[in-house]
Amino acid sequence: MAPRPYWKGYLKLSLVTCPVAMSPATSESEKVRFHTLNKATGNRVVSQYVDSVTRKAVKDDNEIKGYARGENDYVMLTEDELDAVALDTVKTIDIDKFVPRDSIEWIYLEKPHYLMPDDPVGHEAFAVIRDAMAADKVLGISRLVIGRRERAIVLEPRGEGIVVWTLRFGDEVRPEGAYFEDISAKSDPDLIPLVQSFIKQHTKNWSADMVSDPVQTALLDIIAEKKKAMKPARKGKKGAKDTSESNVIDIMEALRASLAASGKKKKAS
């Protein structure tokens, strides 16, 4: 089952509009994550905002956004004022231009998302937009507000759906010439065939196992060893059964087994 979409709105092309939903195409939820603890007590450490001058904790109701206009001088903006700046692109992906499919350099691509129709009524309109772009081998260019920031995006037809990539702005990409212009080394023509032979011997079809994370496997091994040496956790009161501990163990063991199996497959290949 696909995860719940974190954005819903409309896909628009001229007079054609359809409701759509979007979800991130990548996830880091499977990564090992740690809490910060007090070593002396074993209790979790709680973070909080502290006034930089008075050193006192700030209540949630007193937190506000501020834009620096000078040293220790800020323009304050309330949540209502920030919400009032909402653009049309908060809820609508309006495709207003197209580019050839292979014309966007990889360095501008930032984060991928999956876009799919969100209502049976809009399936046909979605399919028409998707298939027309695929037939003409073009990508759609638009804008979308994500996290109160309007982002440039590119829409790529992919199978039955559309992949939406957020794009880096031009001033965010550093020109390669500034880094490569001083490279003056020339390759030896006699060595190139030898390197090509090595490349040919080590060329394989792409597999997700090629980018598996050995650090995660090592961390899970360390955690498993420490769990074996730990005393059993205290049981709660009768009638108040807590299943959170067993759930964590089950998930951790499943992740460890999954990563181990992935490692074995990689060695076997």
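What you see is a predicted model, and the numbers here were worked out from it, not measured in a lab. (Residues numbered from 1 in each chain as written. Predicted model: local features only at pLDDT ≥ 70, side-chain atom pairs only at ≥ 80, totals over all residues. Heavy atoms only, no water.)

1. Topic: the confidence of the model for the chain
- Of all residues in the chain, 83% attain a pLDDT of 70 or more, and the chain-wide mean is 82.
- Per-residue pLDDT stays below 50 along residues 239–251; that stretch engages in 1 contact with residues further than four places along the chain or on separate chains. (pLDDT = per-residue confidence, 0-100. Contact = heavy atoms within 4.5 Å.)

2. What to know about the environment of R174
- Tracing the backbone shows R174 in the loop between β10 (161–167) and α3 (177–180).
- On the basis of relative accessibility, which here comes to 62%, the residue R174 falls in the exposed class.
- Within the structure, the side chain of R174 is placed 3.3 Å from the side chain of Y179, a separation counted as a polar contact. (Helix = DSSP H or I, 4+ residues; strand = E, 2+ residues; numbered from the N terminus. Buried < 20%, exposed > 50% of the residue type's maximum accessible area, 1.4 Å probe, protein only. Polar contact = N/O pair within 3.5 Å; in protein donor to acceptor, adjacent residues only side chain to side chain.)

3. Quick word on a nonpolar patch on the surface
- A grouping of Y67, V75 and L77 is seen on the molecular surface, where their side chains present a nonpolar patch of about 280 Å² in accessible area.
- Positionally, V75 belongs in strand β4 (residues 73–77). (Patch = residues over 30% accessible without salt bridge, like charges linked within 9 Å, V, L, I, M, F, W, Y side chains within 5 Å. Areas by Shrake-Rupley, 256 points an atom, 1.4 Å probe, with all protein chains shown as cover. Salt bridge = Lys/Arg side-chain N within 4 Å of Asp/Glu carboxyl O.)

4. Structural notes on the pattern of salt bridges
- Taken as a whole and judged by the stated rule, the model has 9 salt bridges.
- The salt bridge involving D118 is made with K8; its shortest N-O contact spans 3.8 Å. Separated by 110 residues along the polypeptide, D118 in the loop between β7 (109–117) and α2 (123–136) and K8 in strand β1 (residues 7–13) bring together distant segments of the chain.
- According to the relative accessible area criterion, K8 is partly exposed, its value standing at 42%.
- Linking R143 and E150 is a salt bridge whose minimum nitrogen-to-oxygen distance equals 3.8 Å.
- Of the residues examined, R143 reaches a relative accessible area of 39% and is grouped as partly exposed.
- Several salt bridges share partner residues, and in doing so they unite R130, D131 and E160 into one network.

5. Thoughts on the nonpolar core
- In terms of nonpolar packing, the biggest core is built from 18 residues, with L11, I93, L115, L155 and I162 touching the most fellow members.
- With 4 residues, α2 is the single largest residue contributor to this core.
- Residue contacts for L11: discarding those within four places in its chain leaves V16, T17, C18, V20, I93, I95, L115, F126, I129, L155 and I162.
- Formed by 7 residues, the second largest nonpolar core is a distinct cluster that contains L139, I141, V154 and L167. (Core = buried A, V, L, I, M, F, W, Y, C linked by side-chain atoms within 4.5 Å.)

6. Brief notes about the pairing of strand β9 (residues 149–158)
- Among the 10 residues of β9, 7 are classified as buried, and the element is accordingly described as predominantly covered.
- Here strand β8 (residues 138–146) runs beside β9; their pairing, made up of 7 bridges, is antiparallel. The residue of β9 that forms the bridge with L144 is R151.
- Hairpin connection, β8 to β9: the antiparallel pair is bridged by 2 residues, and G147 has positive phi, about 60 degrees.
- Both β9 and β10 contribute to a ladder of 6 bridges, which runs antiparallel. (Pairing = 2+ DSSP bridges.)

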